[in-house]
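Survey of secondary and tertiary structure
Residue strings, one per chain:
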Amino acid sequence: MNRLKLFIRYLKNDRIKEYEKIIKLAKENDYEIISLRNYVENNFDDSKKILILRHDVDHFSDGTKMMFEVEKKHKVKASYYFRHKTFEPKLMKEIEEYGSEASLHFEPIADFVKANKIRSKEELFSYKDWKERCLNILKADLDRFRNLLNIKCVTIASHGEKENSLVQTPNNYLTEDISVYDFLGIKLEAYNKDFIKKVSCYISDVPIEINNGYRYGVSPIEAIKRNEKFILFLTHPNHWHYSLWKQFKKLVKVLLKGAVYKKEEFKRI
C-alpha cells in the first residue's frame, strides 16, 4: 500500500466499514459468530465453522462503541476485555444486556512490577510470594468488575505492558495452571494453550500502515474465503477509528514513513 492510499484511508477514518464487511461475509459463508463465553458455555457442532470476535480495549476509543453497534445490527456476539484505565461501566452493561461479553483485560504482574520498581525477572522471582500476591490482585480486580456491574467475567484475557517484557513474564503466567480457574471463578483465559491449539486461524489487527492492518499478514476476509474452520479474530478498537488528534498524527506519520511490512508468526503471550 503506497503512501497516498494510506493517507486517503486515514483521511476517511472509516475502517469500521471494513469491519462490517467482514461480519457480513462471515454470515454469508455460514459462520457461527460468537464470543469466547458463548464458546465455553455451549457445545458447538464440529461440522460448523466458527468465528470468535475478541476485542481488547487497551485505550479509550469511539471505535469500541462503533464495533458494538455493527455487531448488534447483524445480530452477532463478541467478547470485550477492558483494563482498569478503560473501564466504561455504561458501555459494559450495554454489552452484557445485549448478550455479548464484557470482562477483564488483566495486568496484575505488570502492576506488581510497577508498584515495587522491579527491574528484572530475577528480581521479580526473588519475591517468594509474588505469584500468590498477583493472583490475589487478579481475584480482587475480577470481584470489583463483578460487584460493580453485576457481570459474570466467565472468560478473561491477559494484557501485555512494557513491564511484562522487562521481567520476561506475561500476565497470563498466572493462569497457565488451570487449577486457579476455580479460585478466580473463570472458565477460560484467552491465551490458554489447549484452547489456542483448536484455533485454525488466529488473526490480530494492527494499524493499517503495518502489514495492511493485520499483524500476521492474513486478513479475516482471506481466512473466510478459504473456509478456515475455526477463526479467532482479535481487534483493538483504537485501530479502527481515530480522534481528530490521533487521525492528524497518523496522517503525518504515513506521509513521512509510508507502509511497513514485516513477517511475524503467531505466538502465545
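Residues numbered from 1 in each chain as written. Predicted model: local features only at pLDDT ≥ 70, side-chain atom pairs only at ≥ 80, totals over all residues. Heavy atoms only, no water.

Details of the pairing of strand β8 (residues 230–235)
The side chains of a regular strand alternate, first on one face of the sheet and then on the other. Which entries qualify depends on this criterion: Working definition: with a 1.4 Å probe on protein chains only, accessible area under 20% of the residue-type maximum means buried, over 50% means exposed, and in between means partly exposed. Note on conventions: DSSP H or I runs of at least 4 residues are helices, E runs of at least 2 residues are strands, and numbering of each starts at the N terminus. Here the rule is simple: two strands pair whenever DSSP picks up at least two bridges between them. Look down the strands so they point away from you; if the path from the first strand over the helix to the second goes clockwise, the crossover is right-handed.
Where burial is concerned, most of β8 is hidden: 6 out of the 6 residues are buried. The alternating pattern of β8 places Phe230, Leu232 and Leu234 and Ile231, Phe233 and Thr235 on opposite faces, both of which are buried. Relative to β8, strand β2 (residues 49–57) runs parallel, the two being bridged by 6 bridges. Its bridge partner lying in β8, Arg54 is registered against Leu234. One ladder, built from 4 bridges, connects strand β7 (residues 201–204) with β8; its direction is parallel. Bridge assignment links Cys201 to a residue of β8, and that residue is Ile231. Note on the crossover from β7 through helix α12 (residues 220–225) to β8: the handedness is right-handed.

Examining the nonpolar core
Basically, it comes down to this: The nonpolar core is taken to be a set of buried Ala, Val, Leu, Ile, Met, Phe, Trp, Tyr and Cys residues, with the residues joined through side-chain atoms within 4.5 Å. In what follows, residue pairs with any heavy atoms lying within 4.5 Å of each other are defined as contacts.
Counting residues in hydrophobic clusters, the biggest one holds 73 residues, and the most contacted among them are Ile52, Leu53, Phe82, Phe195 and Phe233. For Leu53, the residues in contact, after removing those within four places along its chain, are Tyr19, Ile23, Ile33, Ile34, Ser35, Glu71, Val76, Lys77, Ala78, Ser79 and Phe233.

Concerning helix α5 (residues 89–98)
The condition is simple: Directions are taken from the helix axis to each C-beta atom, and the arc is the one they span.
Among all positions of α5, only Leu91, Met92, Ile95 and Glu96 are buried. Seen end-on, α5 carries its buried residues on one side only, within an arc spanning 135°. α5 presents Lys90 and Glu97 as exposed residues on the side facing more than 90 degrees away from its buried surface. Those residues of α5 that are buried are in contact with α3 (36–41), α4 (62–73), β3 (79–82), β4 (101–106) and α8 (130–149). Within two residues after α5, Gly99 carries a phi angle of roughly 115°, on the positive side.

Some points on the environment of Tyr127
Structurally, the position occupied by Tyr127 is in the loop between α7 (121–125) and α8. Excluding its chain neighbours within four sequence positions, the residues that come into contact with Tyr127 are Phe112, Asn116, Ile118 and Arg133.

Brief notes about unusual backbone geometry
Of note, Asp30 is a non-glycine position whose phi angle comes to about 65°, a positive value. A positive phi angle is found at Lys75, which is not glycine, with a value near 60°. Relative to the elements of secondary structure, Lys75 occurs in the loop between α4 and β3.

Overview of the packing of aromatic side chains
Selection rule: Stacked, tilted and edge-to-face are the three classes assigned to paired rings of Phe, Tyr and Trp, where Trp is represented by its six-membered ring and a pair needs centres within 6.5 Å; plane angles under 30 degrees give stacked, over 60 edge-to-face, the rest tilted. The rule is short: NZ of Lys or CZ of Arg within 6 Å of the ring centre and within 35 degrees of the ring normal puts a charge over the ring.
On inspection of all chains with the given rule, the structure shows 16 aromatic pairs. Taken together, a centroid distance of 5.3 Å and an interplanar angle of 50° make the contact between Tyr39 and Phe230 tilted. Remark: Phe230 occurs in strand β8 and Tyr39 occurs in helix α3; sequence separation between them is 191 residues. When sorted by exposure, Tyr39 lands in the same class as Phe230, which is buried. Over the ring of Trp240 we find Arg15; its NZ or CZ atom is 3.9 Å from the centre of that ring. Over the ring of Phe87 we find Arg144; its NZ or CZ atom is 4.9 Å from the centre of that ring.

So, the packing of helix α1 (residues 3–12) against helix α13 (residues 244–257)
Stated formally: Simply put, an axis is a line fit to the C-alpha atoms, just over the touching stretch for a helix, and the angle between two N-to-C directions goes from 0 to 180 degrees. Any angle that falls under 35 degrees is termed roughly parallel, while one over 145 is termed roughly antiparallel, one within 65 to 115 roughly perpendicular, and all others oblique.
At a closest axis distance of 9 Å, the pairing of α1 and α13 adopts a crossing angle of 175°. On the basis of their axis angle, the class for α1 and α13 is roughly antiparallel. Between α1 and α13, the contacting residues are Arg3, Leu6, Phe7, Tyr10 and Leu11 on the first element and Gln247, Lys250, Leu251, Val254, Leu255, Leu256 and Lys257 on the second.

Overview of the state of the cysteines
To be explicit about the condition: Any cysteine sulfur atom paired with another within 2.5 Å is treated as part of a disulfide.
Tallied over the entire structure, the rule returns 0 disulfides. A disulfide-free cysteine, Cys134 has its sulfur positioned 19 Å from the sulfur of Cys153, the nearest such atom. Judged by relative accessible area, which is 1%, Cys153 ranks as buried.

Considering the pattern of salt bridges
To keep it simple, the criterion reads: When a carboxyl oxygen of Asp or Glu lies within 4 Å of a side-chain nitrogen of Lys or Arg, that pair is called a salt bridge.
Per the stated rule, a full pass over the model turns up 22 salt bridges. The closest approach of N and O atoms between Lys17 and Asp14, which form a salt bridge, is 3.9 Å. For Arg146, the salt bridge is made with Asp143, and the minimal N-O distance between the two is 3.7 Å. With Arg146 and Asp143 both in helix α8, this residue pair falls 3 residues apart, about one helical turn. When salt bridges with common partners are traced through the structure, they connect Lys65, Glu69, Lys72, Lys90 and Glu94 into a single cluster.

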